[in-house]
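# Examining the three-dimensional arrangement
Below are the chains, spelled out letter by letter.
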Amino acid sequence: DAGVTQSPTHLIKTRGQQVTLRCSPKSGHDTVSWYQQALGQGPQFIFQYYEEEERQRGNFPDRFSGHQFPNYSSELNVNALLLGDSALYLCASSPDRGQNYGYTFGSGTRLTVV
Amino acid sequence: GESVGLHLPTLSVQEGDNSIINCAYSNSASDYFIWYKQESGKGPQFIIDIRSNMDKRQGQRVTVLLNKTVKHLSLQIAATQPGDSAVYFCAESPSGGYQKVTFGTGTKLQVIP
């Protein structure tokens, strides 16, 4: 049973460019959350998708947007990249049962903005 | 506002000893607490969780203690092994059914052989 799969694993972009990161949730999970983890810091919540809609959002600008597809996979898009966007981007999936359950995280996409 | 912080950024323990990692939280509405382990190059891995209506929960070699009075959470690892070396995060989620999880900064556990 595959866990959470993220692609690509590493990415280098130039300031001002746009990037799309992808996530396939664990089998049986229908909720996808995205996190940004700067070096030496804890993951910061970006947003969560359920039933193809953004259900909750953290303190991130509109440059960060996402999408969830009918098969529950998800994309994170970041426009007008800044140097400060360099981080590990983590996708986490969970089953939505109206309760809080531990996420299953992917290994992340390491984004470097130069 | 919401914040989850850790008392110590780095903890070194001898192999075989018990480890205790502490965490403070500030959100009184927090209902659900989780400990994650993150190894280098990997995403956080769920270790153990506890709800606010409990003060202790045990897993395999791990115990989580919750003191709601002082808003303190701890993770105890028994007979620490080299494979336990990692960064440990406490995290919290408020009540309400949503699954937004707020992470702390992390504590690096170094196991000395």
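See the structure shown above.
A short tour of the structure in this document, coming up. What you see is a predicted model, and the numbers here were worked out from it, not measured in a lab.

Broken down by element type, chain B carries 0 helices and 11 strands. Each helix and strand of chain B, ordered N terminal to C terminal, gives the series β-β-β-β-β-β-β-β-β-β-β. Every one of the 113 residues in chain B was classed for burial, and the buried ones make up 44%. Sequence-distant contacts in chain B: of pairs separated by 6 or more residues, those separated by 24 or more amount to 53%. Accessible area for chain B stands at about 5,400 Å²; split by element, carbon and sulfur atoms hold 48% of it.

In this section: the interface of chain B and chain A. If you look at the interface, chain B gives 20 residues, while chain A gives 26 residues. Summed over both partners, the interface of chain B with chain A comes to about 1,800 Å²; 48% of that surface belongs to carbon and sulfur atoms. In this assembly, chain B and chain A are joined by 0 salt bridges. Our enumeration of links across chain B and chain A arrives at 3 residue pairs in polar contact (both at pLDDT 80 or more). At the level of secondary structure, the elements contributing two or more residues to the side of chain B that touches chain A comprise β4 (30–38), β5 (45–51) and β9 (86–94) of chain B.

Each value, and the rule that gives it
Residues numbered from 1 in each chain as written. Chains lettered and ligands numbered in written order. Predicted model: local features only at pLDDT ≥ 70, side-chain atom pairs only at ≥ 80, totals over all residues. Heavy atoms only, no water. Helix = DSSP H or I, 4+ residues; strand = E, 2+ residues; numbered from the N terminus. Buried < 20%, exposed > 50% of the residue type's maximum accessible area, 1.4 Å probe, protein only. Contact = heavy atoms within 4.5 Å. Areas by Shrake-Rupley, 256 points an atom, 1.4 Å probe, with all protein chains shown as cover. Buried area = accessible area lost by both parts, 1.4 Å probe. Salt bridge = Lys/Arg side-chain N within 4 Å of Asp/Glu carboxyl O. Polar contact = N/O pair within 3.5 Å; in protein donor to acceptor, adjacent residues only side chain to side chain.

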